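# Architecture at a glance
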Amino acid sequence: MPANESGKVTELLRHWKQGDERALDTLLPLLYKELRRLAHYHLQSERPDHTLQTTALVHEAYLRLVGAQSVELQNRAHFIAVASRLMRQILVDYARERRASKRDGGCRIAFEYLEALSVKGDAELLALDDALNELSAIDERQGKIVEMKFFGGLSAPEISQVLGISRATVDRDWATARVWLHRQMSRTARP
Amino acid sequence: MSIQAWEQVKELLHQAMQLAPEQRAPFLDKACSSDVALRAEVESLLLAGEGVVTTRVANANRCRSQIASR
């Protein structure tokens, strides 16, 4: 990533945070391209025991696009929030492509905070995606919180800052969302 | 489930999760009164919540035994 492009991303993030929605339109394709490249690179090297660390990928994209130079922490949280949505989309697209070409498996995805749910392959990832869509339909904010945690590894204080809500609300939404998702996924897992 | 229904379930679920298991039934008796569907929904989620905890404990125990057997 050339230095000028990394400066451009930082600039776009700043504009977006200040309320310029067009900055996000410019930022998204750059970010999507980089995340997709990283994800495919890691998914290529698939082995049966391979575990994809989604939060590590998002973090790597951040370092490549924004760089480690003194960027305000707030920018980082906003970046990860956007990246986690794209990460989800990339992984789901990838799982669908594999299914369409009738290849089995998919790699194991390590979701932080998701110890109780097993996402061992494409089918489970797509089930999680469906469950998350259902949750977002009844509670958009909870859907966002889960997405930021699962796919971006954002902490509760970072999420409260990105969404402008209290830490207690994040904790409450998170605790109830994971229970809801757990039930939803164990229902769909049954034949 | 509707947005409003989930908001209500979520609130009760969260409150019930803060309580000790034996305090949950009396709490729900009071909070749900005669709303059987609401109570069933919260109880079903509390049960799923126990599954989350059980799996985490099981995972932790498995890790421990793996480490011990090395």
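Above this text you will find the structure in question.
Owing to the predicted nature of the structure, the values given are computational and were not obtained by experimental measurement.

Our next topic: the overall build of chain A. Of the regular secondary structure elements, chain A holds eight helices and two strands. A buried classification covers 52% of the 191 residues belonging to chain A. When contacts within chain A are restricted to residue pairs at least 6 apart in sequence, those whose partners lie at least 24 apart make up 68%. A total accessible area of about 9100 Å² is found for chain A, and carbon and sulfur atoms account for 51% of it.

As a further point, take the overall build of chain B. Looking only at helices and strands, chain B features three helices and zero strands. The order of α-helices and β-strands along chain B, N terminus first, is α-α-α. Across the 70 residues that make up chain B, the buried fraction comes to 30%. Nonlocal contacts in chain B, meaning residues at least 24 apart in sequence, comprise 45% of its contacts between residues at least 6 apart. Accessible area for chain B stands at about 4600 Å²; split by element, carbon and sulfur atoms hold 58% of it.

Okay, the environment of Ser186(A) next. All names here are of chain A. Residue placement: Ser 186 occurs in helix H8 (residues 167-189). In sequence terms Ser 186 and Leu 28 are 158 residues apart; their C-alpha atoms lie 34 Å from each other. Among the polar contacts listed, one links the side chain of Ser 186 to the backbone oxygen of His 182, at a separation of 2.7 Å. A polar contact of 3.1 Å, which involves the side chain of Ser 186, links it to the backbone oxygen of Arg 183.

Here we take up helix H1 (residues 3-17) of chain B. The first and last C-alpha atoms of H1(B) sit 21 Å apart over 15 residues, in line with the 21 Å expected at 1.5 Å per residue. Considered for burial, the residues of H1(B) that qualify are Trp6(B), Val9(B), Lys10(B), Leu12(B), Leu13(B), His14(B) and Ala16(B).

All names here are of chain A. In this structure, Leu 35 and Phe 79 are the most contacted members of the largest nonpolar core, which totals 69 residues. It is helix H4 (residues 73-100) that contributes the most residues to this core, 13 residues altogether. Non-local contacts of Leu 35, meaning those with residues more than four positions away in its chain, are made with Leu 57, Val 58, Ala 61, Ala 83, Leu 86, Met 87 and Ile 90.

This part takes up the interface of chain B and chain A. Every contact between the two is made by 20 residues of chain B and, on the other side, 18 residues of chain A. Around 1600 Å² of area is buried between chain B and chain A when both sides are counted, 62% of it from carbon and sulfur atoms. Inspection of the chain B/chain A interface yields five salt bridges. Taking the shortest distance from any N to any O, the salt bridge between Asp173(A) and Lys10(B) comes out at 2.9 Å. Where chain B touches chain A, the interface holds eight residue pairs in polar contact (both at pLDDT 80 or more). Looking at the side of chain B that touches chain A, the elements with two or more residues in it are H1 and helix H3 (36-69) of chain B. Residue contributions to the side of chain B that touches chain A peak at ten residues, all from H3(B). Residues that form the side of chain B that touches chain A fall into these classes: eight nonpolar, seven polar and five charged.

As a further point, take the pattern of salt bridges. In the structure shown here, the tally under the stated rule is 19 salt bridges over all chains. Between Arg85(A) and Glu147(A) there is a salt bridge; the shortest N-O distance is 3.1 Å. Here the residue Arg85(A) occupies a position in helix H4, and Glu147(A) occupies one in helix H6 (residues 140-152), the gap between them amounting to 62 residues. With relative accessibility at 4%, the residue Glu147(A) sits in the buried group. Here Glu7(B) ties to Arg172(A) by a salt bridge, and the two come within 3.8 Å at their closest N and O atoms. Of this pair, Glu7(B) sits in helix H1 while Arg172(A) sits in helix H8, placing the two residues on different chains. The class for Glu7(B) is partly exposed, based on a relative accessible area of 36%. Because the salt bridges share partners, they merge into one network encompassing Asp139(A), Arg141(A), Arg172(A), Asp173(A), Glu7(B), Lys10(B) and Glu11(B).

Cut-off values and rules
Residues numbered from 1 in each chain as written. Chains lettered and ligands numbered in written order. Predicted model: local features only at pLDDT ≥ 70, side-chain atom pairs only at ≥ 80, totals over all residues. Heavy atoms only, no water. Helix = DSSP H or I, 4+ residues; strand = E, 2+ residues; numbered from the N terminus. Buried < 20%, exposed > 50% of the residue type's maximum accessible area, 1.4 Å probe, protein only. Contact = heavy atoms within 4.5 Å. Areas by Shrake-Rupley, 256 points an atom, 1.4 Å probe, with all protein chains shown as cover. Polar contact = N/O pair within 3.5 Å; in protein donor to acceptor, adjacent residues only side chain to side chain. Expected span 1.5 Å × (residues − 1). Core = buried A, V, L, I, M, F, W, Y, C linked by side-chain atoms within 4.5 Å. Buried area = accessible area lost by both parts, 1.4 Å probe. Salt bridge = Lys/Arg side-chain N within 4 Å of Asp/Glu carboxyl O. Nonpolar A, V, L, I, M, F, W, Y, C, P; charged D, E, K, R; others polar.

Taken by themselves, the reported measurements are silent on function.
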